[in-house]
Amino acid sequence: MQDLTDLYQSVILDHNRRPRNYAVLPTANRVGSGNNPMCGDQITVYVRLEGDRIAEVSFQGSGCAISKASASLMTVNLKGKTIAEAEAIYADLHQMVTTGKVGEDNMSDLAALAGVHQFPARIKCATLGWHAALNAAKGDEKPVTTEKPSD
Ligand code: ZN
C-alpha cells in the first residue's frame, strides 16, 4: 500500500476542509451533476454562464477529500474563464492527474493534484467536478457518471 501523504498535500487538505464556492448558486443558469460510484462521490455544480464565459461557478456534494478539493479548485480556476479556456485548463488537469506531468501553463494550486496519477482509482475523483461543470457550461446537463468509458 502506497503512502498517501504525498497525495494529501496541504492544498488538498485545505480545500477539503474549507471548500471554496461551496453553495447553491441562486443565479445559476446551468446545473450539472457528477456521480462516481466507484468511490461514492456525488457532486452538483452550478454555473452562471454569460455568453460563453463562466461568470460564476459553485458546487455542493459529498465524497472523498480528493473529489471535494478538486471541485473546490475547479470553481476557483474556472470562474471568469470562457468555455474554451476552461476546456484547455481541464485538458492540462486531465493530463496531469493521469500522467503526473504538470502542464506548461501555470497550473499553480492545481499542481497539488499531480500526485493523483500514482493512484489510478482516484483519477475519477479528481476529474468528476470538472467534467460536470464543463458539461453543464456546454449545455449538456445529463448527469456525468464515471461508469461511462468516455470519461
Ligand atoms: Zn473519491
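Just so we're clear, the structure is a prediction, and the values are computed from it rather than from any experiment.

J.: Would you take a moment to explain the overall build of the protein chain for this structure?
T.: Each helix and strand in the protein chain was counted, giving 4 helices and 4 strands. Scanning the protein chain from its N terminus toward the C terminus, one meets helices and strands in the order α-β-β-β-α-α-α-β. Excluding contacts between residues fewer than 6 apart, the proportion of contacts in the protein chain whose partners are at least 24 apart in sequence is 60%. Surface accessibility of the protein chain: about 7200 Å² in total, with carbon and sulfur atoms responsible for 51%.

J.: Is there a simple way to think about the coordination of the zinc ion in this case?
T.: Octahedral metals with six donors have ideal donor angles of 90 or 180 degrees. Tetrahedral metals with four donors have an ideal donor angle of 109.5 degrees. Coordination of the zinc ion by the protein involves Cys39 (SG), Asp41 (OD), Asp41 (OD), Cys64 (SG) and Cys125 (SG), with metal-donor separations of 2.2 to 2.7 Å. Mapped onto the sequence, the donors of the zinc ion take the spacing C-x1-D-x22-C-x60-C. Of this pair, Asp41 sits in strand 2 (residues 41–50) while Cys125 is found in helix 4 (residues 123–137), placing the two residues 84 residues apart along the sequence. Look at Asp41 and you get buried, because its relative accessible area is 0%. A residue is classified by how much of its surface remains accessible, and Cys125, at 0% relative accessible area, is buried.

J.: Help me out: how do you make sense of unusual backbone geometry in this one?
T.: Only a minority of non-glycine residues have a phi that is not negative, and only a minority of peptide bonds are not trans. Notably, Asn21 is not glycine yet its phi reads approximately 55°, a positive angle. Its location among the elements puts Asn21 in the loop between helix 1 (10–17) and strand 1 (30–36). Residue class for Asn21 comes out partly exposed when judged on its relative accessible area of 33%.

J.: How do you make sense of the packing of aromatic side chains when you look at a structure like this?
T.: Aromatic ring pairs are defined here through the distance separating the ring centres and the angle between the ring planes. Scanning the model with the defined rule gives 2 aromatic pairs in all. The interplanar angle of 80° and the centroid separation of 5.0 Å between the aromatic rings of Tyr22 and Phe59 together place this pair among those described as edge-to-face. Of this pair, Tyr22 sits in the loop between helix 1 and strand 1 while Phe59 sits in strand 3 (residues 53–62), and the two are 37 residues apart along the sequence. You can call Tyr22 partly exposed: its relative accessible area is 33%. Centroid distance Tyr90 to Trp130: 6.4 Å. Interplanar angle 25°. Geometry classified as stacked.

J.: Even after reading the chapter, I still don't get the nonpolar core, so can you show me in this structure?
T.: For soluble globular proteins, nonpolar side chains are generally found buried alongside one another. Ranked by size, the top nonpolar core spans 38 residues in total, and within it Val45, Ile54, Leu93, Leu110, Leu113 and Trp130 carry the most contacts. Breaking this core down by element, the ones donating at least two residues are strand 2, strand 3, helix 2 (65–78), helix 3 (83–99) and helix 4. Ranked by the residues each element gives to this core, the list is headed by helix 4, at 10 residues. Once you skip the residues sitting within four places of it in the chain, Trp130 turns out to touch Ser70, Leu73, Met74, Asn77, Leu78, Ile89, Tyr90, Leu93 and Leu110.

Rules used throughout
- Residues numbered from 1 in each chain as written.
- Predicted model: local features only at pLDDT ≥ 70, side-chain atom pairs only at ≥ 80, totals over all residues.
- Heavy atoms only, no water.
- Helix = DSSP H or I, 4+ residues; strand = E, 2+ residues; numbered from the N terminus.
- Contact = heavy atoms within 4.5 Å.
- Areas by Shrake-Rupley, 256 points an atom, 1.4 Å probe, with all protein chains shown as cover.
- Donors = N, O, S within 2.8 Å, 3.2 Å for Na, K, Ca; no water.
- Buried < 20%, exposed > 50% of the residue type's maximum accessible area, 1.4 Å probe, protein only.
- Phe/Tyr/Trp six-rings, centres within 6.5 Å; stacked < 30°, edge-to-face > 60°.
- Core = buried A, V, L, I, M, F, W, Y, C linked by side-chain atoms within 4.5 Å.

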